[in-house]
Amino acid sequence: MDVIDKYVAGFPRDVQDILQHMRKIIKACSPGAEEILSYGMPGYKTQGKPLVYFAAYKNHIGFYATPTGHAEFERELAPYKQGKGSVQFPLNKPIPFDLIERIVVFRVEENEKKG
């Protein structure tokens with residue numbers, strides 16, 4: 001069991017399912033991304049640069065795609081509570097996995113351009 005598996009295993013089954021689905025999306029959109037545990041949460045790097053992070057909390061899933069990832073999808077993220085480079089997806093509402101996927105694809109392309 002790797003560190004990300006251990007992190008995910010620490011949550012209730014329904015939250016584990018969400019986290020595993022997010023992990024699957026991120027890995028599918030960024031083959032070869034480095035998977036790390038950073039700031040106490042699962043994170044991914046491409047081109048040696050941060051890609052995205054996610055974390056589970058009592059009432060939400062935090063998703064961190066750096067300020068640029070959030071700025072690019074500002075309109076779609078508007079319904080959610082946000083901070084600079086972070087968004088909270090409430091656990092009592094459907095998680096927007098399609099939006100997460102589009103953000104990850106954007107960030108992969110952004111990191112590739114930066115090389």
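All figures in this text were calculated on a predicted structure; none of them were measured in a lab. (Residues numbered from 1 in each chain as written. Predicted model: local features only at pLDDT ≥ 70, side-chain atom pairs only at ≥ 80, totals over all residues. Heavy atoms only, no water.)

**Some details on the confidence of the model for the protein chain**
Phase 1: When pLDDT is averaged along the protein chain, the result is 95; 100% of the residues meet or exceed 70.
Phase 2: Per-element confidence in the protein chain ranges from a low mean pLDDT of 89 for helix 3 (residues 66-72) to a high of 98 for strand 4 (residues 60-64). (pLDDT = per-residue confidence, 0-100. Helix = DSSP H or I, 4+ residues; strand = E, 2+ residues; numbered from the N terminus.)

**Notes on helix 5 (residues 97-114)**
Phase 1: An ideal rise of 1.5 Å per residue puts 26 Å on 18 residues; helix 5 measures up with 26 Å between its terminal C-alpha atoms.
Phase 2: Among all positions of helix 5, only L99, I100, I103, V104, F106, R107, V108, E110 and N111 are buried.
Phase 3: Directly beyond the C-terminal end of helix 5, a positive phi value near 60° is found at G115. (Expected span 1.5 Å × (residues − 1). Buried < 20%, exposed > 50% of the residue type's maximum accessible area, 1.4 Å probe, protein only.)

**Overview of the sheet that holds strand 1 (residues 34-38)**
Phase 1: Read from one edge to the other, the open sheet built from six strands follows the order 1-2-3-4-6-5, with strand pairing classed as antiparallel. A strand with exactly one partner marks an edge of an open sheet, and here the two such strands are strand 1 and strand 5 (81-83). Across the sheet, the axes of successive neighbouring strands diverge by a mean angle of 20°, strand direction being ignored.
Phase 2: Contacts between helix 2 (residues 13-29) and the sheet are confined to strand 1, strand 2 (41-46), strand 3 (49-56) and strand 4, with strand 3 contributing the most and set at about 165° to the helix. (Pairing = 2+ DSSP bridges. Axes fitted to C-alpha atoms, helices over the stretch in contact; angles between N-to-C directions. Contact = heavy atoms within 4.5 Å.)

**A word on the environment of R13**
Phase 1: Residue placement: R13 occurs in helix 2.
Phase 2: By relative accessible area, R13 is classed as exposed at 57%.
Phase 3: For the pair formed by R13 and G62, sequence separation is 49 residues and the distance between their alpha carbons is 17 Å.
Phase 4: Among the polar contacts listed, one links the side chain of R13 to the side chain of Q16, at a separation of 2.8 Å. (Polar contact = N/O pair within 3.5 Å; in protein donor to acceptor, adjacent residues only side chain to side chain.)

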